[in-house]
Amino acid sequence: MLRRASLRYLLRHPWQFGLSILGVALGVAVVVAIDLANASAQRAFTLSAESLSGPSTHQISAAGGLPESVYQALRLQLAARTSTPIIEGRAAAINLQGRSFQILGIDPLANPGAYPYLAQAQDRRAEGDTDFAAFFTRPNTGLLLQATAERLGLRAGDAMAVRIEGKLHTITIVGLLQPRDELSRQGLDNVIVTDIATAQELLNMAGRLSRIDLVIPVDQAGAALLERIKAVLPAGAQVLSANTRAQALEQMTQAFRLNLTALSLLALLIGMFLIYNSMTFSVIQRHSLIGMLRAIGVTRREIARLILSEALVVALIGTGIGIVLGILLGQSLLHLVARTINDLYFTVTVRELILSPYSLTKGMLLGIGATLVAALWPVREAVTVVPHNLLSRSAGEQRFTRRIPRAALSGAALIMLSAALLLIPTNNLLLSFAALFGIMAGFALLVPAVVWVLIHLLQRLSGNTLGWLGKMSSRAITASLSRNGVAIAALAIAISATVGVGIMIESLRNTVVQWLEQSLRADIYVSPADTEGVQQPTLDPALVGRMASLSDVKMMSIGSRTTIDTPQGSTALFAVQVPYQGFQGFQLKEGETQTAWRLFAQQAAVIISEPYAYHHNLHVGDTLTLPTARGPHTFPIAGVFYDYGSSQGIVIVQRSTYQQFWDDEKIGSLGIYLQPGSDINKVIDQLHQLAGSEPLQIRSNRMLREASITIFDRTFAITQVLRALTIFIAFVGILGSLMALQLERAKELAVLRAIGLTPRQLWGLVGAETGLMGLIAGVLALPLGLALALILILVVNRRSFGWTMQITIDPAMLINAIAFALIAALLAGIYPSFKMARTSPALALREE
Amino acid sequence: MQHLLKWGMLILFALALVALSVYLSNPSGTTSRQTGIKLSDVLGDINIEGYTRAFEPREFSFPADHGLHPGYKHEWWYFTGNLATPQGRHFGFQLTFFRIALAPHSKARDSAWATNQIYMAHFTLTDVENKKFYNVERFSRAGLGLADATAQPFKVWLEDWSAAGQGAQTFPLHLRAANNDIAIDLHLDALKPVVLQGDKGLSQKSGEPGNASYYYSLTRLGTTGTVRVGEKTFPVSGLSWMDREWSTSALSKEQAGWDWFSLQLSDGRDVMFYRLRRKDGQPDPHSAGALVAPDGTKKSLSLQGVQIASAGEWRSPHSGIRYPVRWRLRIPSEKLDLQITPYLADQELNVSVRYWEGAVRIEGTTDGKPIKGDGYVEMTGYN
């Protein structure tokens, strides 16, 4: 009987039921989508790392490449048979949409077990068996994964034109690789496997290796071998354990992924409020039914079970829909997540969403758990109903009103506790997010009290000026504060989240725009063509010389970027030869520009970016020890500059210092300063002429700035999308919950209609009531939104990325938020008003 | 000149070995695998155009000819020997370096790794007392000094395995090889001069001109040094044998394999004989050998002059292949009647292509008087 009563109730109130399900579904969908996208991106990275490095335990590398004599020593002197020489580089196809490839140079005879991903092109039905003799002996030959070749329409024997380090090459495909397993298939996609000699020649690395992979057993003999290996390494070379390397890369993106997860949990939190809202509402609405049931002998436990099982039905259906939605959503979020990782961290090719059972299970448990948690309070509410069939709802309201102060107190306490958490000096992001959610929850507890105060204040202040409509609508809100308060809190939370994230993104964007204006000092920037994925292309020095001799060119800054492996992970190093004018472009957070310049230019000091300083806890006056070609060297730190180009941070060193320590003459980019009065466009044309067929990007200051901002927007597109999703859920929430409230008031409105309220007045009354609730939610959302923005900017982002941002608050955004709440609320009133105005009061009044 | 079939094997390697190693030796990397490539498939594909071939006898010149002959497709340096500790504990060893050209000519290239030559080496040790046979195979490219051969000073090496002369002298040779469990460190001195096999060093493989190799041996090398098994190192002495051969052409289609004998007798004589087996089970008429007198003079042996019979079979637990294990070899013209018994039945090399090559004990009579000795026997092409 209980189950039937429950079922009938749910069926008779599809709005509430639907809203709860929607709340769960949307929340779960966003969480699942983000989790799947995160997991897929990470898995893609791990796969490519694992499949290419094989089972190696250690890697030997050196800044600027490892002398191949190290490998000779390992093999000839130390008999380190489990060593594998590797050369890696990038190539961009000339045709094939400029697709980028990884060049992987191996010696297949060195340590065959080290290449578990390579498989012989053994299938004799496939055209052209692999010609391994050609692979070995002919320059410019390589192997492609069969799947890659097929996708590109290439066959064994075909040639492909590629550009490597600015030079054109033709690589003949002498065989196709069959992947042995999924790992190989993913890892080898878009990889050109060549003989090591071929790779050295293509990448202009004769005499050098990218790294040597080692398999060293974890025992005494292994440790001894490691020591002997270390003893033969030249200055600048180092052995790192493969674990360290993979971990460092994983840690890099951890903050980013955690941020996305937190944002997705925000969506779930809003979903929880919607569930809470409609469950509470359903309990309050059934007070008399529950009282009756209790009167005929139904126990509290049975009542609790009834409500919980309703919640469970909602949870199951909602979670089921949510997971399906989440998978669909995840497909589209995946490339956004991957793009951000590519822009901010490292290249990772993510092709497909991996439906990790772990993510799905997590989403399921979160959905069901969140629903049940949200239902706890309504359950408590239901079991306290006294077994009396005449218990009125007003009694329930009175009880609720009595509880308001207590809730407000605990809310305030929770907020203070959370704020205290934020003050703990730590880099722990989880703690920050816990505080963030704590503040939101505390705020939600405060809302009913604030609404009560606000409305009473409004009534007191306005006196009679509001007219009957104002009085009735405002009283209606306080009269059923139990449900309206909860709804308003839910709406406020939803809106505040969008406000907070919105302000955070806007602040960061403005900060970056200003930073770009300040730091881009040269008039024209020249860099090798931006072929996707090519990380360190270089410019032809002869060409640079010709450019420097143009009459309009006053001076140049020369830069080159490299990555150095250190025991703490990799460090991006940017070597610049820059005039003082250009150096001023670095806005110092710590240090004084002139002093820093003197140390930088004359005493081989470095300047480090803010995120680098933050992550490594370094300051001006400290020193930084980096592995160089001459062995580890300790550089003084002359300044800490603002930089938003990398979240891992970067170290900048004078070019002459760099050459002295790393023997690297490569030129990565140019900044050209023009004579006063020069015509920028004319010079750009001249530069293009000089470059001839060389694919260069020649951009004016303004073009580069715009391009940078485009990249910024691309990087944060995922955050914007999440924000939009949150807004959508909030909107649906406001619309749904207010509509349900009004529909449930049908009888009350029918009475009003019966005693003479015209349809037009009814429209006004409903509109005023929902509008007022929307307005209150919108207004309340602002302080919380600002607080969230501050936490995101000052705590979360700083701990995640190490960036200092200037806070920008766009009043339009705040007004938009209120307007948005108001519009959603007003829209919510339309259907109930329409329905009630059309229905005859008598019909509506008829007892059920 | 043992190793006719080895030509085929090496040709096979030339194409398949990169394939093989790339084709994923299992992670442990040592056990051999079915390659999935048939010998006949590869032989049919072989392109020997551009390589030098052996058509007629040539003038040998030492020490230059101890070194490389890169125009030929294959070349090897083959060392085998029987050694014993002062207490009489017996060891056999094999250390072989194979050179294989993947292209007839090398091009000048920027990378020191660039090469048209690759090397393969086999190292075995027979521990008679513990009845244990160790065998290891290695590959390397020729580039970057990882593997190569030079005539003056003489050295052939694959990474840390090497055979090297000292200073300008080829002999005494210093042999060094080590792998996890085993190592040898031996000095080999020539007790007899170089013997040119076949027709003044031209060893004809079949009727077709050019299907031949250049082949010489040092049949008796006095050997001293150390052998390591596990943690223990033993001082040893004994006799070793060196074979050198280079060629280009392929194995004839009718030939299935061979049995090769290198025997060092207690009266100072050495015998080399290879019996080619045809697929139809008959011995091939190109089977040949030589008997080297204590003073180094050579007498050629032909199929008619040597009678070989086996008594018993041994079935390899590794491959299931059955090999003959005891031989009776008679050379009536020399009044030699020899019983040849492996020191250990299991001396099968589990490498890219399996074969049996092991230390053997010789007992018999010459002209009715007892004679004994040690040697090595190689058996290929069994199934």
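Predicted, not measured: the structure shown is a model, and the values here were computed from it. (Residues numbered from 1 in each chain as written. Chains lettered and ligands numbered in written order. Predicted model: local features only at pLDDT ≥ 70, side-chain atom pairs only at ≥ 80, totals over all residues.)

All right, on to the overall build of chain B then. Along chain B, the regular secondary structure elements total 2 helices and 25 strands. Taken across its 383 residues, chain B has 50% of its residues classed as buried. Relative to all contacts within chain B whose residues are 6 or more apart in sequence, the contacts with residues 24 or more apart total 57%. (Helix = DSSP H or I, 4+ residues; strand = E, 2+ residues; numbered from the N terminus. Buried ≥ 20, exposed ≤ 12 C-beta atoms within 10 Å, placed from the backbone. Contact = placed C-beta atoms within 7 Å.)

With that settled, consider the overall build of chain A. Of regular secondary structure, chain A possesses 28 helices and 21 strands. Taken over 848 residues, chain A has a buried fraction of 49%. Sequence-distant contacts in chain A: of pairs separated by 6 or more residues, those separated by 24 or more amount to 86%.

Attention shifts here to the packing of helix α17 (residues 541-548) of chain A against helix α22 (residues 680-691) of chain A. Two numbers describe a pair of packed helices, the interaxial angle and the distance between the axes. All names here are of chain A. Close contact between α17 and α22 brings their axes to 10 Å; oriented N to C, the two are set at 150°. The angle between the axes of α17 and α22 places the two elements in the roughly antiparallel class. For α17 against α22, the interelement crossing comes out right-handed. Residues Leu 543, Arg 546 and Met 547 of α17 lie in contact with α22, whose contacting residues are Leu 687, Leu 690 and Ala 691. Here the residues of the contact of α17 with α22 sort into 5 nonpolar, no polar and 1 charged. (Axes fitted to C-alpha atoms, helices over the stretch in contact; angles between N-to-C directions. Parallel < 35°, antiparallel > 145°, perpendicular 65-115°, else oblique. Left-handed = near helix turned anticlockwise from the far one by under 90°. Nonpolar A, V, L, I, M, F, W, Y, C, P; charged D, E, K, R; others polar.)

Atom-level detail of predicted coordinates should not be read off regions where pLDDT is low. Residue and element names in this part refer to chain B. In this model, chain B carries an average pLDDT of 85, and 87% of its residues clear a pLDDT of 70 or more. Confidence over residues 1-45 falls short of pLDDT 50; this stretch has 103 contacts with residues more than four positions distant or in other chains. Reported for the predicted complex are a pTM of 0.62 and an ipTM of 0.85. (pLDDT = per-residue confidence, 0-100.)

The subject of this paragraph is the pairing of strand β18 (residues 631-641) of chain A. Strand residues, when the strand is regular, have side chains that alternate between the two faces of the sheet. Residues and elements named next belong to chain A. Bridge analysis of strand β15 (residues 588-590) against β18 gives 2 bridges, and the strand direction is antiparallel. When the bridges of β18 are listed, Leu 588 appears paired with Phe 641. As paired elements, strand β16 (residues 606-609) and β18 share 4 bridges and run parallel to each other. Pairing of Ser 609 across the sheet is with Phe 641, part of β18. Remark: 2 residues form the turn of the hairpin made by strand β17 (residues 623-628) and β18, two consecutive strands paired antiparallel. (Pairing = 2+ DSSP bridges.)

What follows concerns unusual backbone geometry. Trans peptide bonds make up most of the peptide bonds, and negative phi angles are found at most residues other than glycine. The omega angle of the peptide bond from B:Phe62 to B:Pro63 is 15°, so this bond is cis rather than trans. Within the secondary structure, B:Pro63 is located in the loop between α2 (39-45) and β1 (74-84). With an omega of 0°, the peptide bond running from B:Phe171 to B:Pro172 counts as cis. Within the secondary structure layout, B:Pro172 lies in strand β8 (residues 169-178). The backbone phi angle of A:Asp663 is positive, close to 50°, even though this residue is not glycine.

We now examine the nonpolar core. Residue and element names in this part refer to chain A. Core analysis: the largest hydrophobic core is formed by 321 residues, its most contacted members being Ile 270, Leu 491, Ala 492, Ile 495, Val 606 and Ala 821. It is helix α16 (residues 481-519) that contributes the most residues to this core, 20 residues altogether. If sequence neighbours within four positions are ignored, Val 606 has contacts with Leu 624, Phe 635, Ile 637, Ala 638, Val 651, Ile 652 and Val 653. If you look at the next biggest cluster of nonpolar residues, it comprises 14 residues, including Leu 539, Met 547, Leu 670 and Leu 696. (Core = buried A, V, L, I, M, F, W, Y, C linked by C-beta atoms within 7 Å.)

All names here are of chain B. Its location among the elements puts Thr 297 in the loop between β16 (288-292) and β17 (298-302). A count of 11 C-beta atoms within 10 Å places Thr 297 in the exposed class. For the pair formed by Thr 297 and Lys 192, sequence separation is 105 residues and the distance between their alpha carbons is 9.2 Å.

Next up on the list: helix α21 (residues 655-662) of chain A. Residues separated by three or four positions in an α-helix point in the same direction, a consequence of the helix having 3.6 residues per turn. All names here are of chain A. All of the buried residues in α21 are Thr 657, Tyr 658, Phe 661 and Trp 662. Summarising the axial view, the buried residues of α21 lie within an arc of 100°, below the 170-degree limit, and thus occupy one face. Close packing links the buried residues of α21 with β14 (569-577), β17, β18 and β19 (650-654). Once α21 finishes, Asp 663 follows within two positions and takes phi at roughly 50°, a positive value. (Arc of directions from axis to C-beta.)

Residue and element names in this part refer to chain A. As paired strands, strand β13 (residues 553-566) and β14 are joined by 9 bridges and run antiparallel to one another. Counterpart to Thr 566 in the pairing with β14 is Gly 569. Bridge count between β14 and β19: 5 bridges; the pairing is parallel. When the sheet's bridge partners are listed, Val 576 is paired in β19 with Gln 654.

Residue and element names in this part refer to chain A. Locating Gly 485 in the fold gives a position in helix α16. Exposure remark for Gly 485: the 27 C-beta atoms within 10 Å place this residue in the buried category. On a C-alpha basis, the gap between Gly 485 and Asn 277 in space is 9.2 Å, while along the polypeptide they are 208 residues apart. The contact partners of Gly 485, leaving out residues within four places of it in the chain, are Val 447, Pro 448 and Val 451.

All right, on to the packing of helix α26 (residues 759-801) of chain A against helix α27 (residues 811-838) of chain A then. Residues and elements named next belong to chain A. At their nearest, the axes of α26 and α27 sit 7 Å apart, and the two run at 155° to each other. The angle between the axes of α26 and α27 places the two elements in the roughly antiparallel class. As α26 packs across α27, the resulting crossing turns out to be right-handed. For the contact of α26 with α27, the residue count by class is 22 nonpolar, 8 polar and no charged.

Residue and element names in this part refer to chain A. In the predicted model, chain A carries a mean pLDDT of 79, and 85% of its residues have values of at least 70. Helix α7 (residues 196-202) holds the highest mean pLDDT among the elements of chain A, 93, whereas helix α28 (residues 841-845) holds the lowest, 65. Taken together, the stretch residues 119-128 has pLDDT below 50 and engages in 29 contacts with residues farther than four places along the chain or on a different chain. Of the regions scoring below 50 in pLDDT, residues 531-535 engages in 13 contacts with residues more than four places distant in sequence or in other chains.

Locating B:Ala142 in the fold gives a position in the loop between β4 (132-141) and β5 (147-150). Apart from residues no more than four positions distant in its own chain, B:Ala142 is found in contact with B:Thr115, B:Gln117, B:Ile118, B:Tyr119, B:Ala147 and B:Asp148.

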